[in-house]
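Secondary and tertiary structure notes
Here is how the chains run, residue by residue.
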Amino acid sequence: MATESEVHPHAFVVEWREGFKINIPQVDQEHKHLFALVKALNLETVDQTLEELLDYVVTHFSNEQALMEKHGYPAFEAHLQLHETFGTQVADFLSSGEPWSEERIQNLRRFLNKWLIGHIMTHDLRFGKWLESQRTVVAPVKSAAPIEKKGFFARLFGRR
Ligand SMILES: [Fe+2]
């Protein structure tokens, strides 16, 4: 394991790329923004950026789930479960209460990038292909209510 001074601040930065597209423009835009927020994590503004990131994760999951529900996606429940498991993993990571360091930020960024890529390229892509096979016109969805200033986890787990 590299010591803190050896960890380059931009290690593990993954840029969103065309190959991550699932061909649902709204979802692709939101994914792109998620990668930008993960990239923006840095030691000076970590608390603020992390709050913005987690808020946006909730908004994105809500929008994606709304789209799935609206179109009657058969794997909706399983997909919702994946989003909730992600929430639990993030909660576990943050619960150690360790002080932030370059290394801890890199660990978080590596976890987030890895999860996002794996999830998008498997499960979101599957939804994109299914939706395409339905040959329906996709109207954008928005969160029903403005973002409440409740905690991330309360909102993530309190939706149902
Ligand atoms: Fe998803």
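Scroll up to find the structure.
So, a few notes on the structure that sits alongside this text. This structure is a prediction, so every number in the text was calculated from the model and none was measured.

1. Side note on the environment of I117
Relative to the helices and strands, I117 resides in helix α4 (residues 102-134). When the C-alpha atoms of I117 and V14 are compared, they prove to be 9.4 Å apart, with 103 residues separating the residues in sequence. Those residues in contact with I117 that sit more than four places away from it in its chain are V14, F20 and F35.

2. Side note on the packing of helix α1 (residues 25-40) against helix α2 (residues 46-70)
Interhelical geometry of α1 versus α2 gives an angle of 165 degrees and a closest axis separation of 10 Å. Considering their axes alone, α1 and α2 lie roughly antiparallel with respect to each other. Classified by chirality, the crossing of α2 by α1 is left-handed. Contact residues: Q26, V27, E30, H31, H33, L34, L37, V38 and A40 in α1; T49, E52, L53, Y56, V57, H60, N63, E64 and L67 in α2.

3. With respect to empty space enclosed by the protein
Overall, the coordinates contain one cavity of 30 Å³ or more when judged by the stated rule. Here the largest cavity is characterised by a volume of approximately 50 Å³. If you go around the largest cavity, the residues you meet are L34, V38, L53, V57, F61, F86, L112, W115 and L116. Of all the secondary structure elements, the ones that give two or more residues to the lining of the largest cavity are α1, α2 and α4.

4. Focus: the environment of P140
By the secondary structure assignment, P140 is in the loop between α4 and α5 (152-157). Between the alpha carbons of P140 and I24 there is a distance of 9.4 Å; along the sequence they are 116 residues apart.

5. Structural notes on the coordination of the iron ion
Around the iron ion, the protein contributes the donor atoms E64 (OE), H79 (NE2), H83 (NE2), H119 (NE2) and D124 (OD), at 2.0 to 2.3 Å from the metal centre. Motif for the iron ion, donor spacing along one chain: E-x14-H-x3-H-x35-H-x4-D. Residue E64 is located in helix α2, and its partner H79 is located in helix α3 (residues 76-95); the two are separated by 15 residues in the primary sequence. Side by side, E64 and H79 carry an identical accessibility label, which is buried.

6. With respect to α3
Across its 20 residues, α3 extends 29 Å between first and last C-alpha, which sits within 8% of the 28 Å expected from 1.5 Å per residue. Looking at α3, one finds that the buried residues are F76, H79, L80, H83, E84, F86, G87 and V90. For α3, the buried positions fall inside an angular range of 145 degrees around the axis, keeping them on one side. Away from its buried face by more than 90 degrees, α3 exposes D92 and S95. Buried-residue contacts for α3 involve α2, α4 and α5.

Rules used throughout
- Counting of residues starts from 1 at the beginning of each chain's written sequence and follows it residue by residue.
- Owing to the predicted nature of the model, reporting of local features is limited to residues with pLDDT of at least 70; listing and counting of side-chain atom pairs is limited to 80 or more, with chain, interface and lining totals taken over all residues.
- The side-chain values count all of the structure's non-hydrogen atoms but skip hydrogen atoms and water molecules.
- Here a helix means four or more residues in a row that DSSP labels H or I, a strand means two or more in a row labelled E, and each is numbered from the N terminus.
- Any two residues whose heavy atoms approach within 4.5 Å at even a single point are treated as in contact.
- Every axis in this analysis is a line fitted to C-alpha atoms, fitted for helices over the stretch in contact. Angles between the N-to-C directions lie between 0 and 180 degrees.
- The labels follow the angle: roughly parallel below 35 degrees, roughly antiparallel above 145, roughly perpendicular from 65 to 115, and oblique for the rest.
- Each crossing is labelled by how the near helix is turned from the far one, with a counterclockwise turn of less than a right angle marking it left-handed and a clockwise turn marking it right-handed.
- Using a 1 Å grid laid over the protein atoms alone, points where a 1.4 Å probe fits but cannot get out form a cavity; open sets with protein on both sides within 12 Å along at least 5 of 7 lines form a pocket; any residue with an atom within 4 Å of a point counts as lining.
- Grid points are joined across faces, edges and corners, and a volume is the space filled by probe spheres set on the points.
- Think of the donor list as every N, O and S atom within 2.8 Å of the metal, or within 3.2 Å for Na, K and Ca; water never makes the list, so a site can look incomplete.
- Here's how the labels work: a residue is buried when its accessible area is under 20% of the maximum for its type, exposed when over 50%, partly exposed in between, all with a 1.4 Å probe on protein chains only.
- A helix's residues, less one, multiplied by 1.5 Å, set its expected span.
- Here the arc refers to the set of directions running from the helix axis out to each C-beta atom.

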